[in-house]
Amino acid sequence: MAFVKQDCKTLGVNPFTTIGDEWFLLTAGTPDSYNTMTASWGAMGVIWGNPSVTAYVRTSRHTMPYMEQNALFSICVFDESWRKALQFCGTHSGRDYDKAKETGLIPVELDGTTVFEQAKLVFICEKAYDQMMDEAGFADHAEYEKWYSKDEMHKMYIGRIKAVYVNE
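Residues numbered from 1 in each chain as written. Predicted model: local features only at pLDDT ≥ 70, side-chain atom pairs only at ≥ 80, totals over all residues. Heavy atoms only, no water.

1. Section: the pattern of salt bridges
Here is step 1 of the chain: This model, assessed by the stated rule, comprises 6 salt bridges.
Here is step 2 of the chain: Here Lys 155 and Glu 68 are joined by a salt bridge, their closest N and O atoms 2.8 Å apart. Note that Lys 155 is positioned in strand E10 (residues 154–167) and Glu 68 in helix H2 (residues 63–69), a separation of 87 residues in sequence.
Here is step 3 of the chain: According to the relative accessible area criterion, Glu 68 is partly exposed, its value standing at 38%.
Here is step 4 of the chain: Classification of Lys 155 as buried rests on a relative accessible area of 11%. (Salt bridge = Lys/Arg side-chain N within 4 Å of Asp/Glu carboxyl O. Helix = DSSP H or I, 4+ residues; strand = E, 2+ residues; numbered from the N terminus. Buried < 20%, exposed > 50% of the residue type's maximum accessible area, 1.4 Å probe, protein only.)

2. Structural notes on the pairing of strand E5 (residues 50–58)
Here is step 1 of the chain: Two elements, strand E4 (residues 42–47) and E5, share 6 bridges in a ladder whose sense is antiparallel. Opposite Ala 43, over in E5, you have Thr 54 as the bridge partner.
Here is step 2 of the chain: Here E4 hands over to E5 after 2 residues, with Trp 48 in that stretch at a positive phi of 55 degrees.
Here is step 3 of the chain: Note: E5 against E10, 7 bridges, orientation antiparallel. Of the residues in E10, the one forming a bridge with Tyr 56 is Met 156. (Pairing = 2+ DSSP bridges.)

3. Some details on the environment of Cys 89
Here is step 1 of the chain: Mapped onto the secondary structure, Cys 89 falls in helix H3 (residues 83–91).
Here is step 2 of the chain: Considering only alpha carbons, one finds Cys 89 and Asp 111, 22 residues apart in sequence, at a separation of 23 Å.
Here is step 3 of the chain: With residues near it in sequence (within four places) discarded, Cys 89 still touches Leu 25, Thr 36, Met 37, Thr 38, Arg 61, Lys 99, Thr 103 and Leu 105. (Contact = heavy atoms within 4.5 Å.)

4. Focus on the packing of aromatic side chains
Here is step 1 of the chain: The tally for this structure, following the rule as stated, stands at 8 aromatic pairs.
Here is step 2 of the chain: With 4.9 Å between their ring centres and 85 degrees between their planes, Trp 41 and Trp 147 make a pair best called edge-to-face. Separated by 106 residues along the polypeptide, Trp 41 in the loop between strand E3 (33–39) and E4 and Trp 147 in helix H5 (residues 141–148) bring together distant segments of the chain.
Here is step 3 of the chain: Here Trp 41 falls in the partly exposed class, since its relative accessible area comes to 31%.
Here is step 4 of the chain: Taken together, the ring pairs in this structure connect Phe 138, Tyr 144 and Tyr 148 into an aromatic cluster.
Here is step 5 of the chain: Above the plane of the ring of Trp 23 lies Arg 83, whose end atom (NZ or CZ) is 4.0 Å from the centre. (Phe/Tyr/Trp six-rings, centres within 6.5 Å; stacked < 30°, edge-to-face > 60°. Lys NZ or Arg CZ within 6 Å of the ring centre and 35° of its normal.)

This is the structure we're talking about:
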């Protein structure tokens, strides 16, 4: 299998299923020093004239410093056979586990950031904007209570899609 560059406008990806149902790995750093986490929250669209991805990272996640220290990050989407690996990456911290070793995922460098050899679809993103979410921004306080009464807030990252690859 090899990564083949695609035009994001021709992908035919449904962001509601790709993000919400299939999940993805959000990864920042180089193959020598990176962290990855499973995410099922996010958005794809156009902002400031650029195809973009929005991802959210809780401040407690080990991925946070990697997102802060690197200009690039990747979004890797997998087929269903990798569901257990994504579950592991979403429930175990990179502080305590080598997620690649535990799951069989193979990290590789692509366009200056880390992706996984087994991904079926990869978005290479460059940070364009980041912002901490704030309790005051919630129109419905019940929504804040539901998601943040016991857990840390998320930081939102908007990434310009620099390249899209399909694994053929």
